[in-house]
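Analysis of the macromolecular model
Chain residues, written in single-letter form:
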Amino acid sequence: MDEPIFAQLPDKPDHPGLELEVLARWERERTFERLREQNRGGPIFSFVDGPVTANKELGVHTAWGRTLKDAFQRYKALRGHEQRYQNGFDCQGLWIEVGVEHDLGLNSKREIEEFGLEEFARRCREKVVWSAEQLWAGSKRLGMWMDWGRDYFTFSDTNIEYVWRMLKRVHEQDWLYKGHRATEWCPRCGTSISQHELIGSYVDRADPSLYVRLPLLDRPGEFLVVWTTTPWTLPANVAAAVNPAAEYGRRANGEWVAVGRYPDESFEETRRGSELVGRRYRGPFDELAPAAALDHRVIPWGDVSLAEGTGIVHIAPGCGAEDFELSREHGLPVLAPVDESGRFYDDYGWLHGLSTVEAAEQIIGDLSEKGVLVESGLYEHRYPECWRCHTPLIFRLADDWFISVRDLRQPMRDANATVEWTPEYMGKRMDDWLANMGDWNISRRRYYGLPLPFYPCACGQLTVIGSRRELEERAVEGLEQLEELRRPWIDRVPVRCAACGEPVERIAEVGDVWLDAGIVPFSTLGWENDTWVPEGFGTGAAKGLTTADLPDHAYWERWFPADWVSEMREQIRLWFYSQLFMSVVLVGRAPFRQVLGYEKMLDETGREMHGSWGNTISADEAFERMGADVMRWQYCAQPPDRNLLFGFGPADEIKRRLLTFWHTVKFFVDYANIAGFRPSWADREPAGELAPLDRWLVERTRAFVADGAAGYEAWLTVDVMRAFDEYLDDLSNWYVRRSRRRFWDGEAAALRTLWHALVQTLRVLSPILPFVTDHLWRNLVLDGPDSVHLSGWPDAAEPDRGLLAEIAAVRRVVELGRRARGEAGIKNRQPLRRLVVEGAPRAVSNADEIADELRVKRVEFHRVEAVELRVKPNLPVLGPKLGKELGVVRAALQAGEFEELDGGRFRVLGRELEPEEVLVERGGREGWAVASADGVTVALELALDDELLLEAEAYDLIHRVNSMRKEHGLELTDRIVLTVPEAQHGLIDRHGEWIAGEVLATEIRIAGAELLIEKRA
Ligand SMILES: [Zn+2]
Ligand SMILES: [Zn+2]
């Protein structure tokens, strides 16, 4: 036999195996590079990739976003767009530090400093290099096409300089300030935490709950009772706040509490809160030095809640944001009891060195011994923890650097209003965030991060360095050892103060990582850069890791703002926010035009994925067990406004659907090979003599191409996959099903039409399923582009919607017919006499198709009378109204001489009857099966006669013989000799020729009692 035209396909695809082959071929044939060459000079599609944190391997969570980015870039490439394809890595900040600390077994900042900052910085870089290699490998395996090797790394000196330049601008605008306030603080990481880092970091926790008596100084035997869930803050107590408008009462034992909190108690004396203000009390830890000299008193505070506690609030301005504000208002002293690592300072006596957690129990014991503890227990509440190390946060006084948002809030909201968000509600979330955001705390007391270029001089002058050149010009010493713009090297480069001429040191703090990521639309595109610097992004720690250029300003003008960016919803307050912030500071407008956000990923049962719960899936495991295409289908079929339930169960369902498509291609390949059908790319549009079904498939395919484009244009891959599901059903369950005979006969028009449909489908799906589509493309397209990814978006005419609606109506009738059959318990192989269809006028011209598909002899289009409507007079109502006419009306109703009107009314003998005047019964008439939906009703006549029964017997026989052919391993074209038992002599007499044609029998023998087949030599 000749070499087949198309390679035979196995019964099911081995996705991982096939994908590795395709990857190797892309590499070998430089498919991606050729695509970029092909699109060079095309219209620009500017996508800016958000940096992925380089501290891990590729996970299935990250693979979701990467798939969406890749799918849309591939779609835009099919459309001929020139693109940048620059991948980015986030390389500094606490994520990296915490990972390295973990690897090195370090547990505190002191241990890091003992380890040595130079070596620590090198280890951090090594971690980034390792992770970048992992992420490159994983992303390539996923099928992501990026300009690998020309990535941006945020720890590049170039990127750092761009952030410096932005900060200098902020300082020139007078928006930069150093704040002294109580702020959320991670004692393990030893740094403050900013507002946007708190989102989503609240967890359920049980903390101590205690009620403490504070003795009033001038009223022996009287006490204030306060409630707290943070015992460690009591040694820093300086005041007690009451709600001036609330009523307070004194219990018989001398304890003052809010009356509203204890409505069932009786009190000796009651007072307004305002009357208690100014009373002095003995603090809970006045025996310790810091509190000893304090004058504790009652202060008024309108926000004191009567919803919990005692209505009297313990105030420690060094340990709470609101407390700190109150201290300013009332001139209260501020006690700061714990150091950066959350341990008590040495002037706290026996508490010295204890952590806030360790101190709690001892404090409770001490209060109990002193006889001031009223009650203690546990309290369940939501409490914030550090988003990197999960240590519970405390409040601590800190000097942090802030950018004031006062002048930026409205411009940022205006800029956001120009952005198109998908889903739309995410834009609203951004606006809510902007409307409520506080000043941006940009400083972190850490090591491996952007060095904040702030040099505050004792003379009062603050110098902010805006570039490396400026640093070099103003440096007093240390330039020769400056390996990177990074700690510890940069800390050894003091600059000269412009005001007094003295040397000034840099502050020790590093910057919030979102500064690094937010500057990307400027730093990577060469904003305000005079000359193009080849490989100019490979500076500082990025040296040797990337060959990315630092472009010039003209390039920035071309590529900014991004046409599109896409990340998870949580990035609203992180990367989307920091980019918008910097862009408004630098150029006064939004850095992106359109955004696609998406919700969270959970496991397939809807739980969070956690290493400790054993329900995480690594990307490698997913590649091996489902394959990248199946993963990508799962990601892309997900509506972005809902959580994705990812797992192997949904993957199996997707494989099943993919298999339907695979089998349709295989069906084509098998019959095209038999027929020697050889399609040509130049001649790819079906033309000439087409059967009605072929014409329909051409239109249906055009509609699918249009639906696919609409989905991609709306950034909704879910719409593309929904359109594909419907199309695949029409293709395999209608077109191929209805055309089998024509394929057996090797009819060229059918083969060409199906080939065209498959090829167009591959092009539409290729952005989402890049491997299997290219694999099949290579087999189906003999002389066209050698990769589906080089084939461009199909240029399809507007579909004939009228014809599509017609066949949609036919398919609805057929579905209803099958349902009616099923409900009546009549198997599909049993032919029936008649089908009546009502309400599907578009289907009329396809009566033969319907008859054939439903195995009925005749299809009639008219009112379905098999649904019997019986109407009788409601005598108690109608009798008195009609009087002697009742008899005639009743007879007319009984004879069916009535007309049904809207709203349950009927017309009979020229008069209208209201719903309450009649009794109505409906039912399927004897001998019919009825089904209806969407205004279409079908009725199948169920009566059987000898002829129908004999035909069913023939169908049964054909089915059995075809099963036997498969069991015998016969080729589709093999001819057989069929032996039929003597008992079925009559069947063969009547239908022998038909049966022989269906099973490719050249001869039928009648003998014995057994059905036999034999391959014809
Ligand atoms: Zn932490
Ligand atoms: Zn100075």
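Every value quoted in this text rests on a predicted model; they were computed, and no experiment measured them. (Residues numbered from 1 in each chain as written. Chains lettered and ligands numbered in written order. Predicted model: local features only at pLDDT ≥ 70, side-chain atom pairs only at ≥ 80, totals over all residues. Heavy atoms only, no water.)

1. A few points about the packing of helix α13 (residues 409-417) against helix α19 (residues 575-587)
Relative orientation of the contacting elements α13 and α19 amounts to 110°, with a least axis distance of 10 Å. One element, α13, and the other, α19, form an angle in the roughly perpendicular class. Of the two elements, α13 crosses α19, and the hand of that crossing is right-handed. In this structure, α13 contributes P411, M412, A415 and N416 to the contact, and α19 contributes Y577, L580, F581 and V584. The residue inventory of the contact of α13 with α19, partitioned by class, reads seven nonpolar, one polar and no charged. (Axes fitted to C-alpha atoms, helices over the stretch in contact; angles between N-to-C directions. Helix = DSSP H or I, 4+ residues; strand = E, 2+ residues; numbered from the N terminus. Parallel < 35°, antiparallel > 145°, perpendicular 65-115°, else oblique. Left-handed = near helix turned anticlockwise from the far one by under 90°. Contact = heavy atoms within 4.5 Å. Nonpolar A, V, L, I, M, F, W, Y, C, P; charged D, E, K, R; others polar.)

2. Details of helix α6 (residues 117-141)
Along its 25 residues, α6 runs 36 Å from first to last C-alpha, staying within 8% of the 36 Å computed at 1.5 Å per residue. Of the residues flanking the end of α6, it is G143, one or two places downstream, whose phi is positive at about 100°. (Expected span 1.5 Å × (residues − 1).)

3. Here we look at the side chain of T391
Relative to the elements of secondary structure, T391 occurs in the loop between β15 (373-384) and β16 (394-403). Relative accessible area serves as the criterion here: at 19%, T391 is assigned to the buried category. Not counting residues up to four positions away in its chain, the partners in contact with T391 are C186, P187, R188, E385 and C386. (Buried < 20%, exposed > 50% of the residue type's maximum accessible area, 1.4 Å probe, protein only.)

4. Overview of the sheet that holds strand β30 (residues 856-861)
Taken in spatial order, the four strands of this open sheet run β30-β29-β37-β36, and their pairing is mixed. Sheet topology places β30 and β36 (928-933) at the edges, where each strand pairs with a single neighbour. Averaged over all pairs of adjacent strands, the angle between their axes in this sheet comes to 15°, without regard to strand direction. On the sheet, helix α27 (residues 801-824) packs against β29 (832-838), β36 and β37 (936-941) and is oriented at approximately 135° with respect to β36. (Pairing = 2+ DSSP bridges.)

5. Here's the deal with the sheet that holds strand β39 (residues 1001-1006)
Pairing within the open sheet is mixed, and its three strands lie in the order β39-β38-β40. The open sheet has two free edges, formed respectively by β39 and β40 (1012-1015), since each of these has just one partner strand. Shown here is a sheet whose adjacent strand axes are inclined to one another by a mean of 20°, direction ignored. Note: strand β38 (residues 976-980) against β40, four bridges, orientation antiparallel. Residue pairing across strands places T979 opposite L1012, the latter belonging to β40. Running at roughly 160° to β39, helix α32 (residues 985-999) makes contact with β38 and β39 of the sheet.

6. Brief notes about the packing of helix α21 (residues 628-636) against helix α26 (residues 770-780)
Contact geometry of α21 with α26 gives a least axis separation of 7 Å together with a crossing angle of 125°. Relative to α26, the element α21 is oriented oblique. Seen from α21, the contacting residues are A628, D629 and R632; seen from α26, they are P770, F771 and V772. Here the contact of α21 with α26 is composed, by residue class, of four nonpolar, no polar and two charged.

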